[in-house]
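What follows is each chain in one-letter form.
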Amino acid sequence: MALLPMVSSAQELSKSDRARSIVKAVNQKDAKLYVDNFSKSIKVYMYGENGNFILKVDGIEALYKNRAEHLKSHPEVRNEIQHLAEIDNRLIMHDKVWLTPDRKEGSSVVEIFTFDEEGKIVRVDVIQQKNLFSQEN
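So, here is what we can say about the structure in this document. Just so it is clear, the structure is predicted and the values come from calculations on it, not from any experiment. (Residues numbered from 1 in each chain as written. Predicted model: local features only at pLDDT ≥ 70, side-chain atom pairs only at ≥ 80, totals over all residues. Heavy atoms only, no water.)

1. Topic: unusual backbone geometry
Of note, Lys29 is a non-glycine position whose phi angle comes to about 60 degrees, a positive value. By the secondary structure assignment, Lys29 is in the loop between helix 2 (15-28) and helix 3 (31-35). What makes Lys29 partly exposed here is its relative accessible area of 32%. (Helix = DSSP H or I, 4+ residues; strand = E, 2+ residues; numbered from the N terminus. Buried < 20%, exposed > 50% of the residue type's maximum accessible area, 1.4 Å probe, protein only.)

2. Section: the layout of surface pockets
When its volume is computed, the largest pocket comes out at roughly 480 Å³. As for the largest pocket, its lining consists of 25 residues, and the residues nearest its centre are Tyr34, Arg67, Glu111, Val126 and Gln128. Volume-wise, the second largest pocket comes out at about 260 Å³. Looking at the second largest pocket, it is lined by twelve residues, and the ones nearest its centre are Met46, Tyr47, Gly48, Glu49 and Gln128. Secondary-structure elements contributing two or more residues to the lining of the second largest pocket are strand 1 (38-47), strand 2 (53-58) and strand 6 (121-128). In terms of residue class, the lining of the second largest pocket is built from six nonpolar, three polar and three charged. (1 Å grid on protein atoms, 1.4 Å probe; cavity = no way out; pocket = protein on both sides within 12 Å on 5 of 7 lines; lining within 4 Å. Points joined across faces, edges and corners; volume = space filled by probe spheres on them. Nonpolar A, V, L, I, M, F, W, Y, C, P; charged D, E, K, R; others polar.)

3. Section: the nonpolar core
Residues Tyr34, Phe38, Ile42, Leu63, Phe113, Ile121 and Val124 are the most contacted members of the largest nonpolar core, which totals 27 residues. Breaking this core down by element, the ones donating at least two residues are helix 2, helix 3, strand 1, helix 4 (60-73), strand 4 (90-98), strand 5 (107-115) and strand 6. At five residues, the largest contribution of residues to this core is made by helix 2. Contacts of Ile42, omitting those with residues within four sequence positions, involve Val57, Asp58, Gly59, Ile60, Leu63, Ile121, Val122, Arg123 and Val124. (Core = buried A, V, L, I, M, F, W, Y, C linked by side-chain atoms within 4.5 Å. Contact = heavy atoms within 4.5 Å.)

4. Thoughts on the sheet that holds strand 4
The six strands lie next to each other as 2-1-6-5-4-3, forming an open sheet whose pairing is mixed. Lying at the two open borders of the sheet, with one neighbouring strand each, are strand 2 and strand 3 (78-87). Each neighbouring strand pair of the sheet contributes to a mean axis angle of 25 degrees, computed without reference to strand direction. The sheet contact formed by strand 4 and strand 5 spans eight bridges and is antiparallel. Following the sheet pairing, Asp95 is matched in strand 5 by Val109. Contacts from helix 4 reach strand 1 and strand 2, with the element oriented near 60 degrees to strand 1. (Pairing = 2+ DSSP bridges. Axes fitted to C-alpha atoms, helices over the stretch in contact; angles between N-to-C directions.)

Given below as structure tokens:
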């Protein structure tokens, strides 16, 4: 009988599982579940109009505060994964976001998650529609 090697809990979740956990956290309005998928040194970059990625969130505490505020500001937000693609230590997720239930069309968002050796997300590059948050009304 062969013994299976011990695997840390972080490694038990696949990259796709982490993406699904993030979407589940948004849909359940659970900022703690959301940040559980990230490294303490997480950096989140947003694609800017000048063609560069701009650092928006630096560190796990900042991410928690950002997500908690977002979920409080958008209590009816809903998120759905459209596509997942895994390449080396990255996962690309195309998802759709509805900030309010009265929006028929969701807004496309693409995130490129970079994972560390422990299987936690250490960097996110986000591309979203420029007017995503002005579409609420």
